[in-house]
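# Secondary and tertiary structure notes
These are the residues of each chain, in order.
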Amino acid sequence: MAEQVKLFKTWSTPFGLRITWALQLKGISYEAIDEDLSNKSALLLQYNPVYKKVPVLVHNGKPISESLVILEYIDETWKQNPILPEDPLERANARFWAKFSDEKLILSVWSAFTKEGKEREEAMDASLKNLKFVEEELKGKKFFGGEKIGLADIVFGWLGNLLPIFEEVSGLKLLDDRFPSLLAWTKELSELPVVKYNWPPHDKMIIKYQALYEKFHPVK
Amino acid sequence: MAESSDVKVLGSWPSPFVLRARIALHLKSVNYEYVEENLESKSELLLKSNPVHKKVPVLLHGGNSISESLIIVQYIEEVWSSAAPSILPSNPYERAISRFWAAYVDDKWFNALRATLLAEGEEAKKAALAQVEEGLALFEEEYEKLSKGKPFFGGDEIGYLDIAIGCFLVWIQVIEKFSEMKLIDEANTPRLFQWADGFSSHVAVKDVLPDVEALAQFGLKLRAKFLKTPQ
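Residues numbered from 1 in each chain as written. Chains lettered and ligands numbered in written order. Predicted model: local features only at pLDDT ≥ 70, side-chain atom pairs only at ≥ 80, totals over all residues. Heavy atoms only, no water.

### Structural notes on unusual backbone geometry
All names here are of chain B. Condition: Secondary structure elements are defined from DSSP: runs of H or I of at least 4 residues count as helices, runs of E of at least 2 residues count as strands, and each element is numbered from the N terminus. Burial classes follow relative accessibility: with a 1.4 Å probe on protein chains only, a residue under 20% of its type's maximum area counts as buried, one over 50% as exposed, and anything between as partly exposed.
Note the cis peptide between Val56 and Pro57, where omega equals 0 degrees. You can see Pro57 is positioned in the loop between helix 2 (44-49) and strand 3 (58-61). With an omega dihedral of 0 degrees, the bond running from Ala84 to Pro85 counts as a cis peptide bond. With respect to the secondary-structure elements, Pro85 resides in the loop between helix 3 (69-79) and helix 4 (92-118). At Glu68, a residue that is not glycine, the phi angle is positive and equals roughly 80 degrees. With respect to the helices, strands and loops of the structure, Glu68 is situated in the loop between strand 4 (64-67) and helix 3. Using a relative accessible area of 16% as the deciding quantity, one classes Glu68 as buried. Residues other than glycine seldom take positive phi values, yet Lys148 does so here, at roughly 50 degrees. One can find Lys148 in the loop between helix 5 (122-147) and helix 6 (160-166).

Okay, structure coming up:
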């Protein structure tokens, strides 16, 4: 049966970018549909009625939402170039760090970006503490997945472009030489063709996040 | 088959997340040692086994530690893969659906559940209860689709989504008690009502469910402590 794979995303979403990487790493042909989230398509609303968000993967007409769920689905459906290792303990570890990225690190960084005063300081402290955990996990490894990228690398990918953009726009200093393993990792990651050629345009990202930053920090 | 000294669960009796790990082990007939943690004074073992989150449940297996309840359940499924029943469906799309709804439970629904207990003021509590009911209505719908006439979300046997939702059943009873309203009942959620009964009385579940009165007392203490702490 002819495979039909569609990816609903936006030009900038780091969550959608994960799916792009996974599909391309496995050499899967797909159609990418960039949504305008201020004017969501009827199809998106139909495919993800619970959250109405991107990314959504549609495989032969069947929709899957939530990037971590999509990544596991892709790995189980297309076996070439596995994203998750075979060993159950290593799989659990990869899933643990993927969850840490999305439940702890992203939230603390977003708070540091959007909040002010004491809340911002606390969010910065939390972010640095969280980055330290990730640095320790990575120590001595080229990628979280070992010699090749895996689930955790894909999920932490936003550290490679989105975090530096946050830093550039806000002046916050987070991912610097306090975290040498992470810095080295972002370089290795960014060298991979699938990553290098898919980063959203830098200038466009700066404009977008500058505008967002100003919304959260109105000039008085 | 693992020796019981090989497998340990660090837990806390009121925690629904700990229940998930225990139910999964029971389903796979894995013997284990259960260690009740005092979360007010965490053991060295807990702090060493889960240094990032310092939370329960933690599964200790052959010298390794695994944290985060749904990750533990998947680990149990994968290690004891030859033991029936399968916790996740075999079809990748059905697995994705189970994972999606389990993630919804943890990312969205659990916060509403927690808010019904800890919210300050009637407005906030009502809003939280409405969100809990919204979730239950979705689960009622999904149950019909996924169970295909069988007793559980997983079909003939308890599966991933049964575990993910079912672990909260006694807490739901506590919230029903405090709010004086029914959340799962024959009128509003007839299928969930039947499912809840089947789940709670399942041999892998019934002996580890906390007592509703004891949990209610615990809930009151938790709320008092939470409201005293500056937010």
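Still more to cover.
### Here we look at the packing of aromatic side chains
Defined as follows: For Phe, Tyr and Trp, rings pair up if their centres lie within 6.5 Å, where Trp contributes its six-membered ring, and each pair is then called stacked (planes under 30 degrees apart), edge-to-face (over 60) or tilted (otherwise). A ring has a charge above it when a Lys NZ or an Arg CZ is no more than 6 Å from the ring centre and no more than 35 degrees off the ring normal.
Applying the stated criterion to the full structure yields 32 aromatic pairs over all chains. Measuring from centroid to centroid gives 5.6 Å for A:Trp21 and A:Trp199, while their planes differ by 70 degrees, and the two rings are edge-to-face. With a gap of 178 residues between them, A:Trp21 in helix 1 (residues 14-25) and A:Trp199 in the loop between helix 9 (193-196) and helix 10 (202-216) connect regions that are remote in the sequence. With a centroid separation of 6.2 Å and an interplanar angle of 85 degrees, the aromatic rings of A:Phe100 and A:Phe133 are classed as edge-to-face. In this pair, A:Phe100 is assigned in helix 4 (residues 88-114) and A:Phe133 in helix 5 (residues 117-138), connecting sequence segments 33 residues apart. Taken together through their ring pairs, the aromatic side chains of A:Tyr51, B:Phe17, B:Phe100, B:Trp101, B:Tyr104, B:Trp109, B:Phe110, B:Phe139 and B:Phe168 make up a single cluster. If you follow A:Lys204 out to its NZ or CZ, it ends over the ring of A:Trp11, 4.3 Å from the centre.

### A few points about the interface of chain B and chain A
As a measure of interface size, the accessible area lost when the parts come together is often cited. Stated formally: In what follows, a contact means two residues having at least one pair of non-hydrogen atoms within 4.5 Å. Two parts placed together each lose some accessible area; with a 1.4 Å probe, that loss summed over both constitutes the buried area. Salt bridges are identified by distance alone: a Lys or Arg side-chain nitrogen within 4 Å of an Asp or Glu carboxyl oxygen. The definition of a polar contact used here is a pair of N or O atoms within 3.5 Å, where within protein one atom must be able to donate a hydrogen and the other to accept one, and adjacent residues in sequence count solely through side-chain atom pairs. Each residue gets one of three labels, nonpolar for Ala, Val, Leu, Ile, Met, Phe, Trp, Tyr, Cys and Pro, charged for Asp, Glu, Lys and Arg, and polar for the others, Gly among them.
At the junction of the two partners, chain B supplies 23 residues and chain A supplies 24 residues. With both sides pooled, the region where chain B packs onto chain A buries about 2,300 Å², and carbon together with sulfur makes up 68% of that total. The largest share of the area that chain B buries against chain A comes from B:Val52, B:Tyr93 and B:Phe100, three residues that together contribute 27% of it. In this assembly, chain B and chain A are joined by 6 salt bridges. Two residues, B:Glu68 and A:Lys99, come together in a salt bridge whose shortest N-O distance is 2.5 Å. Where chain B meets chain A, there are 7 residue pairs in polar contact (both at pLDDT 80 or more). Among the elements of the structure, strand 4, helix 3 and helix 4 of chain B are those that each provide at least two residues to the side of chain B that touches chain A. No other element matches helix 4 of chain B, which puts 11 residues into the side of chain B that touches chain A. Within the side of chain B that touches chain A, the residues separate by chemical class into 13 nonpolar, 4 polar and 6 charged.

### Some thoughts on the domain arrangement of chain B
Residue and element names in this part refer to chain B. We count it as follows: Where each domain begins and ends follows an automated or database-derived domain assignment.
Here chain B is described as being made up of domain 1 (7-80) and domain 2 (92-226). The straight-line distance from the C-alpha centre of domain 1 to that of domain 2 is 21 Å. Facing 15 residues of domain 1, the contacting portion of domain 2 comprises 24 residues. Summed over both partners, the interface of domain 1 with domain 2 comes to about 1,800 Å²; 72% of that surface belongs to carbon and sulfur atoms. Together, Trp13, Arg20 and Ile23 form the three largest contributors to the area buried by domain 1 at its contact with domain 2, with a combined 31%. Counting across the interface, domain 1 meets domain 2 through 2 salt bridges. Of the charged contacts in the structure, one is a salt bridge between Lys225 and Glu40, with a shortest N-O distance of 3.0 Å. Viewed at the interface, domain 2 and domain 1 are joined by 7 residue pairs in polar contact (both at pLDDT 80 or more).

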